[in-house]
Number of protein chains: 2
Amino acid sequence: MSEVTLKKLADLLNLSISTVSRALKDHEDISAETKNRVKELALILDYEPNTYAVNLRNNFSREFAVIIPSIANDFYQSFISSLEKEARLNSYSLIILQSGDDPQTELECVKRCKQNRVAGIFVSITQKTTDISHFLKLAESHIPVVFFDKVPASGFCNKVCVDDISAARLSAETLILKKKKGILAIFGNEQLSITQKRLDAFKDTFSLHNYDARPDIYHTNSSAGAYHYTMEQLALPQQPDVIFCMSDEILIGVMRAVQTVGLRPPADIGILAISEGQIPTFYFPQITYVETSGFKLAKLAFSRMLGCLAGSTQVQELKTESIIVEGGSL
Amino acid sequence: MSEVTLKKLADLLNLSISTVSRALKDHEDISAETKNRVKELALILDYEPNTYAVNLRNNFSREFAVIIPSIANDFYQSFISSLEKEARLNSYSLIILQSGDDPQTELECVKRCKQNRVAGIFVSITQKTTDISHFLKLAESHIPVVFFDKVPASGFCNKVCVDDISAARLSAETLILKKKKGILAIFGNEQLSITQKRLDAFKDTFSLHNYDARPDIYHTNSSAGAYHYTMEQLALPQQPDVIFCMSDEILIGVMRAVQTVGLRPPADIGILAISEGQIPTFYFPQITYVETSGFKLAKLAFSRMLGCLAGSTQVQELKTESIIVEGGSL
DNA sequence: GTGAAAGCGCTAACAA
DNA sequence: TTGTTAGCGCTTTCAC
């Protein structure tokens, strides 16, 4: 059974191809009767326009690409889930590409996007991406790029981010409000700008409030690191009163240690995290956290993309607001 | 700056379009010198073939679609992560479509796939999908379909699944081997075939071994349900010795209850789950589980898809093997 | 070795 | 109101 094309419909109906095309598009100068005949047959034969031909002709597609280090991450998962829905409701499709956190692979992904003539690209760059010229060059091909989450430090480009500064500030203020004193704060990889932003805002907030206790700061790159360090600290005669976790990854390590030692929040120890929101629900009591939602960020990124496609040329830097979600761990 | 096309290269080099096309493809009857000239200029001008034109001409694309209820799920996440990688290494792209577990939306996704002339579709159907004729009809358009995980009960089609029966059997055998007696087994929605398969195999294994203890079976549809039921059971004078969780969702609820009451595995209570593998690492000690890996399933599904594209017409039902991963909870 | 030309399925300007 | 035609960028057959 061969493909149903406009030509086939036209032959069957003794009409020209263009009439059939226009009838299917409800073009005004086709008679109602012809429209009905055409549409009826199209329905019966299950006609679907050939996207390649349409795109080739119109020189434009309805596909967005998302380039991320890895989809196996709660944050990106919620981001993509939300983005796909927005896209689908706007008749766009979403192509997923994983860079594996490798700049070389990322470059190949960009090339692929260009080949596919995608309508736009959402990208969260790798930890090692410094040169973003291949992204900026996409402007020549009129492919808008919206950077999200992990965005380049410099460059005139569209960026949508979680507001790290307000998230960290909100965390610190929460601790101050609850008059917590022995604060252990565990942060991620010191090299990353996300860590620096959150750390600076966190520390500054204590200074600004002239608070009489200052947090102990520790850095680690992994869940395991957080686990081991927490184990050490919990073995000391002077245990911390509260542990602040900069990310879900760190929270997981800390909670394993807390469970290992048998401490029970909030009585034995307080826990506060910055989190995407899923992990905190796995524990009892659920962890109190400052939310950095992928869902919200996706909506922001998508509307920015539509803005670009609508012709907005100036670049924007947007941020999502943070809110605190009360569990029972503090 | 306009697009770089074959025509543009040809004009610039004073060659014909077809010569340029052939040169770029290393066609044998183009001279080495011409090839070099062409390739050099193509590189300089950053030429990329127009995928739409290529696909239109060849009537075939290098895009696969994945239709799933929702990407926000650890199992699908690992499946897609793995599938994307396989696809990329084979120069395919992956389009993600979420059905929202709604048959109507699923139907629209299929339509979209057809329009996009995708090279093949991977699909995990919704809980309510009964009519799969729209999938079977894709055969007419020569679009192979590989069902995975949630597959239709009937119909001649390609299916790759986690082996629920062997996973449940392995779980039961593990409990028997460890001579566990007071077994509480919590299963999911009784209506789902996955639940029935796992339940039947689980129970049968105890019978087959003439084991002198039989598990208490309970069904629930949610984490919260598992939590509440576990709380009830742990309040009884005769607490269970071990709790078996059919899925990650149930495990999360059970563990919240276990933590609430303050029991510590494995001394106070044993825990065994069937799991995708991430959740069990969040606890201490880590939960012992029978693995049902999305990664493995993706590899299986992908190779089946390649088989279809290579012309294999007969349908196959494939299953991944289960293995037990020892934590310290049993 | 290279070029000319047809055609993939569709849209839209122009004709009738 | 409907039809004719050119052309989007590419591949490939056939001719030179």
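Residues numbered from 1 in each chain as written. Chains lettered and ligands numbered in written order. Predicted model: local features only at pLDDT ≥ 70, side-chain atom pairs only at ≥ 80, totals over all residues. Heavy atoms only, no water.

An unreviewed UniProt entry lists chain A under the name LacI family transcriptional regulator, with Mucilaginibacter gotjawali as the source organism.

Participant: Go over the pairing of strand E7 (residues 216–219) of chain A, please, and point to the residues and values.
Facilitator: Residues and elements named next belong to chain A. In this sheet, E7 lies alongside strand E6 (residues 183–187) in parallel orientation, the contact comprising 4 bridges. Within the sheet, the bridge partner assigned to Ala185 lies in E7 and is Ile217. In this view, the connection linking E6 to its parallel neighbour E7 by way of helix H9 (residues 193–208) has right-handed handedness. (Pairing = 2+ DSSP bridges. Helix = DSSP H or I, 4+ residues; strand = E, 2+ residues; numbered from the N terminus. Right-handed = clockwise from strand over helix to strand, strands pointing away.)

Participant: Outline the packing of helix H2 (residues 17–24) of chain A against helix H3 (residues 32–45) of chain A, supporting the account with residue identities and numerical values.
Facilitator: Residues and elements named next belong to chain A. At a minimum axis distance of 9 Å, the contact between H2 and H3 shows a crossing angle of 85 degrees. One finds that H2 runs roughly perpendicular with respect to H3. Together, Thr19, Val20, Ala23 and Leu24 of H2 and Thr34, Lys35, Val38, Lys39 and Ala42 of H3 make up the contact between the two elements. Tallied by class, the residues present in the contact of H2 with H3 amount to 5 nonpolar, 2 polar and 2 charged. (Axes fitted to C-alpha atoms, helices over the stretch in contact; angles between N-to-C directions. Parallel < 35°, antiparallel > 145°, perpendicular 65-115°, else oblique. Contact = heavy atoms within 4.5 Å. Nonpolar A, V, L, I, M, F, W, Y, C, P; charged D, E, K, R; others polar.)

Participant: Describe the UniProt feature "domain: HTH lacI-type" (unreviewed entry) in chain A, listing the residues and the values that go with them.
Facilitator: Per the UniProt record, "domain: HTH lacI-type" (unreviewed entry) is annotated on residues 4–58 of chain A. The straight-line gap between the two end C-alpha atoms of residues 4–58 of chain A is 20 Å; of that span, 69% is helix and 0% is strand. (UniProt positions renumbered as here; feature names shortened; annotations may be inferred.)

Participant: Describe the environment of Gly328 of chain B, naming the residues involved and giving the relevant values.
Facilitator: All names here are of chain B. Within the secondary structure, Gly328 sits in the segment after strand E12 (323–325). Taking C-alpha positions, Gly328 is 7.6 Å from Pro265, a pair spaced 63 residues apart along the chain. Ignoring any residue separated from it by four or fewer positions in sequence, one finds Gly328 in contact with Pro265, Pro266, Pro285, Gln286 and Thr288.

Participant: Break down the relation of the copies chain A and chain B for me, with residues and values.
Facilitator: Rotating chain A by 180 degrees about the axis while translating it 0.0 Å along that axis superimposes it on chain B, leaving an RMSD of 0.1 Å. On this basis, the relationship between the two copies can be described by a two-fold rotation axis. Here 100% of the contact residues of chain A are again contact residues in chain B; the copies associate through an equivalent surface. (Least-squares fit on C-alpha atoms with pLDDT ≥ 70 in both.)

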